[in-house]
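# Descriptive structure summary
Listed here are the chains, written in short residue letters.
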Amino acid sequence: MKPVLAITRRLPDAVEKRARESYDLRMQDGDDPLSRDQILDLCKDANAALVSVGDPIDAAFFAALPQKVGIVATFSVGTDHIDLAAAKANGFVIGNTPGVLTDATADIAWLLILGAARRASEGEAEVRNATWSSWRPTHMMGTQVTGKKLGIIGMGRIGQAVAKRARGFDMEVHYFNRRQLPEDQEFGATYHPSIDDLLPHCDFLSLHCPSTPETRGMVNRNFIARLPDGAIIVNTARGDIVNDKDLIAALKSGKLTAAGLDVFAGEPNIEPTYRDLPNTFLLPHLGSATVETRNAMGFRALDNIDAFIAGKEVPFRV
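Quick look at the structure, then. (Residues numbered from 1 in each chain as written. Predicted model: local features only at pLDDT ≥ 70, side-chain atom pairs only at ≥ 80, totals over all residues. Heavy atoms only, no water.)

### Topic: the pattern of salt bridges
Scanning all chains against the criterion turns up 18 salt bridges. Notably, a salt bridge pairs Arg-165 with Asp-103, separated by 3.2 Å at the nearest N-O pair. Taken together, the residues span a long stretch of sequence, with Arg-165 in helix H7 (residues 157–166) and Asp-103 in helix H5 (residues 102–117) at a distance of 62 residues. Exposure remark for Arg-165: the relative accessible area of 24% places this residue in the partly exposed category. Judged by relative accessible area, Asp-103 falls into the partly exposed class, the value being 48%. A salt bridge links Arg-128 to Glu-124, with the shortest nitrogen-to-oxygen separation between them at 2.9 Å. Residue Arg-128 and its partner Glu-124 are located together in helix H6 (residues 120–128), separated by four residues, close to a single helical turn. Given a relative accessible area of 66%, Arg-128 falls into the exposed group. Judged by its relative accessible area of 42%, Glu-124 is partly exposed. Bridged by salt links that share partners, the residues Arg-10, Glu-16 and Arg-20 form one connected network. (Salt bridge = Lys/Arg side-chain N within 4 Å of Asp/Glu carboxyl O. Helix = DSSP H or I, 4+ residues; strand = E, 2+ residues; numbered from the N terminus. Buried < 20%, exposed > 50% of the residue type's maximum accessible area, 1.4 Å probe, protein only.)

Structure, rendered in structure tokens:
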């Protein structure tokens, strides 16, 4: 008999096909977010579970999860939705999917930079709504990207990929990281030992740090005040890094020219004011959303489960 694998959300076809070859699957018919109790019901006779961002994998979940499950593999790099301490305390292994979504997410960060700077949402709306009257010398002028200063907070794989791409735009790149990187990983960027030191050097600021007690709400009124007037912020990291009220106030006042956001606190139930601001470029958490990347994430999650079931070391254990 095949081991039983519980999967909380529908996965790309190629990933589900591979999973069926090795496992007896327990899945929902639709693709709605499941409650804790619904996930536990899927897991009741499982040997492993494959979960996703947004699933309530908290202390109460691990307290009720049958020990037979053994491993919980997440279809994500981030583990904000998982209570890692509770997992460890209850003897469950956690696996994630690092290293496969770097380029896709860096590409989205650049889409946000360009879209926010060049007023792409406003421009597309004019074309789609047939309100574009003519070409005019002063029509919808945006912000030049080439030659400007780009700041990066969090110089991990994705931050480095963003910095590498910035070289093609002749940008002067500055970054903050918990430690300075070796020169060959900086792509010509200048290191700053604190965020306070970094912020005055940011015509554009791209966020790539994890959500932690130290970073939640980090982008607040005082933070924004240290940026140059007219700066542009983009976020492909985690929504709760941003204080929505303070960011919106800065966008309304003109302190910030624009913002490009792919992630939001409480998504998909985002702060509704964002939708009404013309100087926001908004995406529905598309950072890793390419066929190639989502397949790779699923295969990596299955690699973790396969190894655990075989009694081998889990390759991407958190």
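Text resumes after the structure shown.
### A few points about the packing of aromatic side chains
In total, this model carries five aromatic pairs according to the counting rule given. Centre to centre, the rings of Tyr-175 and Tyr-191 are 5.3 Å apart; their planes meet at 55°, and the pair counts as tilted. Of this pair, Tyr-175 sits in strand E7 (residues 172–176) while Tyr-191 sits in strand E8 (residues 190–192), and the two are 16 residues apart along the sequence. A residue is classified by how much of its surface remains accessible, and Tyr-175, at 0% relative accessible area, is buried. Residue classification places Tyr-191 among the partly exposed positions, given a relative accessible area of 22%. (Phe/Tyr/Trp six-rings, centres within 6.5 Å; stacked < 30°, edge-to-face > 60°.)

### Some points on the environment of Phe-316
Tracing the backbone shows Phe-316 in the segment after helix H13 (291–309). In sequence terms Phe-316 and Ile-305 are eleven residues apart; their C-alpha atoms lie 9.9 Å from each other. Not counting chain neighbours up to four residues away, the residues in contact with Phe-316 comprise Ile-94, Gly-95, Asn-96, Pro-98, Arg-300 and Asn-304. (Contact = heavy atoms within 4.5 Å.)

### Notes on unusual backbone geometry
For the bond running from Glu-267 to Pro-268, omega is 5°, close enough to zero to count as cis. Relative to the helices and strands, Pro-268 is located in the loop between strand E11 (256–261) and helix H12 (273–276). A positive phi angle, near 55°, is found at Arg-119, a position not held by glycine. Among the structural elements, Arg-119 can be located in the loop between H5 and H6. The exposure class assigned to Arg-119 is partly exposed, which follows from its relative accessible area of 29%. Phi is positive for Phe-187, which is not a glycine, with a value near 50°. Checked against the element boundaries, Phe-187 lands in the loop between helix H8 (183–186) and E8. Phe-187 sits in the partly exposed class, given a relative accessible area of 24%.

### Points about the sheet that holds strand E2 (residues 24–27)
Judged by pairing direction, the sheet is parallel, and its five strands sit side by side in the order E2-E1-E3-E4-E5 without closing on themselves. Two strands bound the open sheet, and with one partner strand each, they are E2 and strand E5 (93–95). Here the average twist between neighbouring strands, direction ignored, is 20°. As judged from the three bridges shared by strand E1 (residues 4–7) and strand E3 (residues 48–51), these two strands associate in the parallel manner. Pairing of Ala-6 across the sheet is with Ala-49, part of E3. (Pairing = 2+ DSSP bridges. Axes fitted to C-alpha atoms, helices over the stretch in contact; angles between N-to-C directions.)

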